[in-house]
Amino acid sequence: MKILITGVHGFVGSNLVKALADGHTIYGLDIVAPEKAGIARTYSWEDLEQRQLPEVDAIIHLAGKAHDTKHQADADVYFKVNTGLTQRVYDYFTASSAQKFIFFSSVKAAADHVAGEYVDETVTPSPVGPYGESKIAAERYIQAHEVKHTYILRPCMIHGPGNKGNLNLLYAVASKGLPWPLGSFENHRTFMSIDNLCYVISLLLTRNIEGGVYHVNDDEAVSTNRLIELICEGVGKKPHIWHINTEVMEMCALLGDILHLPLNRERLHKLTENYISANAKIKQALGIAHMPISAEEGLRRTIQSFQRT
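Here's a quick rundown of the structure. Quantities reported herein were computed from a predicted structural model and do not represent experimental measurements.

What to know about the side chain of histidine 61
Line of reasoning, step 1. Within the element layout of this structure, histidine 61 appears in strand S4 (residues 58-61).
Line of reasoning, step 2. With near-sequence residues (within four places) excluded, histidine 61 lies in contact with Thr6, Leu85, Thr86, Val89, Phe101, Ile102, Phe103 and Phe104.

Structure below.
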């Protein structure tokens, strides 16, 4: 196949190129255009406007404004990039000969917090903040103009080689043997390993799968305490998980709000909340019983990649 990937030089794009380049022709669309193995050519956004891109069979739209946990980005930037840019790319797709379109939304477009046991595609979207709101606006535009084979993916936190997200920060703490003081919060989260993600994309490209909205993540949820243990196992250190009373930690977080300390109530909530996404729909569509790699194995591979950098 001939495939166009927007944001091709980012973390996910670079890994997709490695996974798909053997047997497919990959073109990129990005703000930078370095020569990279596996990419025939990277085009600019001006090329998109002038319709000077090659004819392809599929478009994977990755380019977007990532979630800024420090709240330093203006809201209009999210809507300009995550919504407006998606509209431009999808409009190009509808007028092109490409037959498949894969849009990377986010589970945060569905819900900022999980009210029940898990979140899935049946939930009424209720995003909080400009990141999730701009993603759901992009989803709704696509759905209002949907043609051909269109897939809207809502991944949980994606991790793997080259990832520079929150998992790196947790690794930086645990790998030094520093104590984890939030052991009394037995929360669980779902993740998405880059290997499982590349597997899903490969099947969506090569099989006749029904279009629609799909949550994509590993099969099993992992507790933060277990994640600390996996990191320590990977670096050969003994985990130090402190089970301090939750009320004491909440008081410390309240003090952090007042004194502007690193641990405040918002950060405590993000570190200790449950966020489980269900992936039954995508597995049924793909005709698989489980993802090829377990959640813990995927995390071990990412941890090993951190050790090599």
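Moving on from the coordinates now.
Structural notes on the sheet that holds strand S2 (residues 25-29)
Line of reasoning, step 1. Here seven strands make up an open sheet; going across it, the order is S3-S2-S1-S4-S5-S6-S10 and the pairing parallel. With partners counted over all chains shown, the strands left at the sheet margins are strand S3 (39-43) and strand S10 (212-216), one partner each. Each strand of the sheet is rotated relative to its neighbour by a mean of 20°, with strand direction disregarded.
Line of reasoning, step 2. Inspection of the sheet shows strand S6 (residues 149-155) paired to S10 by five bridges, in the parallel sense. Its bridge partner lying in S10, isoleucine 152 is registered against valine 213.

Some details on a nonpolar patch on the surface
Line of reasoning, step 1. On the surface, a nonpolar cluster with roughly 560 Å² of combined accessible area is contributed by Met251, Leu254, Leu255, Ile258, Leu259 and Leu261.
Line of reasoning, step 2. With respect to the element layout, leucine 259 can be found in helix H8 (residues 246-259).

About the criteria used
Residues numbered from 1 in each chain as written. Predicted model: local features only at pLDDT ≥ 70, side-chain atom pairs only at ≥ 80, totals over all residues. Heavy atoms only, no water. Helix = DSSP H or I, 4+ residues; strand = E, 2+ residues; numbered from the N terminus. Contact = heavy atoms within 4.5 Å. Pairing = 2+ DSSP bridges. Axes fitted to C-alpha atoms, helices over the stretch in contact; angles between N-to-C directions. Patch = residues over 30% accessible without salt bridge, like charges linked within 9 Å, V, L, I, M, F, W, Y side chains within 5 Å. Areas by Shrake-Rupley, 256 points an atom, 1.4 Å probe, with all protein chains shown as cover. Salt bridge = Lys/Arg side-chain N within 4 Å of Asp/Glu carboxyl O.

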